[in-house]
Amino acid sequence: MQTSQNRATRTFMDYDSISQAMDGICRLYERKLKDLNPANQNITYDIADLYNFIDGLADMSALVSVYAKKGGNHDYCENSYQSFDHSIQAYLPYDRQWIKQRTLQHLRRMAH
């Protein structure tokens, strides 16, 4: 992620799963809200607010480890500890829209 046009603000984060990464994005936004509202102990937000945060960043993408499934198709590895074929080890880049969709799915799972 990159918070401004200044390349010095580029930051890389590593997570063991997509779920942990989406949780990490939510925590980044929550930390920003706490920094902006230090006196407010009860901060709430909705998905549109989170999407605005993501869209307001200069850059955000996800590099996701993939592995081969039977039949040659590829899928992203939800858990980096799963066994995968190292001969085809690769990282697929995903954009903000994918991140927003996966974050919404993650939050829905957490709510149930």
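Owing to the predicted nature of the structure, the values given are computational and were not obtained by experimental measurement. (Residues numbered from 1 in each chain as written. Predicted model: local features only at pLDDT ≥ 70, side-chain atom pairs only at ≥ 80, totals over all residues. Heavy atoms only, no water.)

> Can you lay out the packing of helix H2 (residues 47–56) against helix H3 (residues 96–111) for me, pointing to particular residues and giving the numbers?
Put simply, H2 and H3 touch, their axes get as near as 11 Å, and they point 150 degrees apart. Relative to H3, the element H2 is oriented roughly antiparallel. Remark: the crossing between H2 and H3 carries right-handed chirality. Residues Ile 47, Leu 50, Tyr 51, Ile 54 and Asp 55 of H2 pack against Arg 96, Ile 99, Lys 100, Thr 103, Leu 104 and Leu 107 of H3. For the contact of H2 with H3, the residue count by class is seven nonpolar, one polar and three charged. (Axes fitted to C-alpha atoms, helices over the stretch in contact; angles between N-to-C directions. Helix = DSSP H or I, 4+ residues; strand = E, 2+ residues; numbered from the N terminus. Parallel < 35°, antiparallel > 145°, perpendicular 65-115°, else oblique. Left-handed = near helix turned anticlockwise from the far one by under 90°. Contact = heavy atoms within 4.5 Å. Nonpolar A, V, L, I, M, F, W, Y, C, P; charged D, E, K, R; others polar.)

> Explain H3 to me, using residue names and the numbers behind them.
With 16 residues, H3 ought to run about 22 Å at 1.5 Å a step, and its terminal C-alpha atoms sit 22 Å apart, in line with that. Where H3 begins, the capping side chain belongs to Asp 95, and its oxygen is found 3.3 Å from the backbone nitrogen of Gln 97. (Expected span 1.5 Å × (residues − 1). Polar contact = N/O pair within 3.5 Å; in protein donor to acceptor, adjacent residues only side chain to side chain.)

> Help me get a handle on the pattern of salt bridges, residues and values and all.
Considering all chains together, one arrives at two salt bridges under this definition. Asp 55 is paired through a salt bridge with Lys 100; the nearest N and O atoms lie 3.0 Å apart. In this pair, Asp 55 is assigned in helix H2 and Lys 100 in helix H3, connecting sequence segments 45 residues apart. For Asp 55, a relative accessible area of 41% translates into the label partly exposed. Under the relative-accessibility criterion, Lys 100 is labelled buried at 9%. (Salt bridge = Lys/Arg side-chain N within 4 Å of Asp/Glu carboxyl O. Buried < 20%, exposed > 50% of the residue type's maximum accessible area, 1.4 Å probe, protein only.)

Function-wise, these values are silent; they only describe arrangement.
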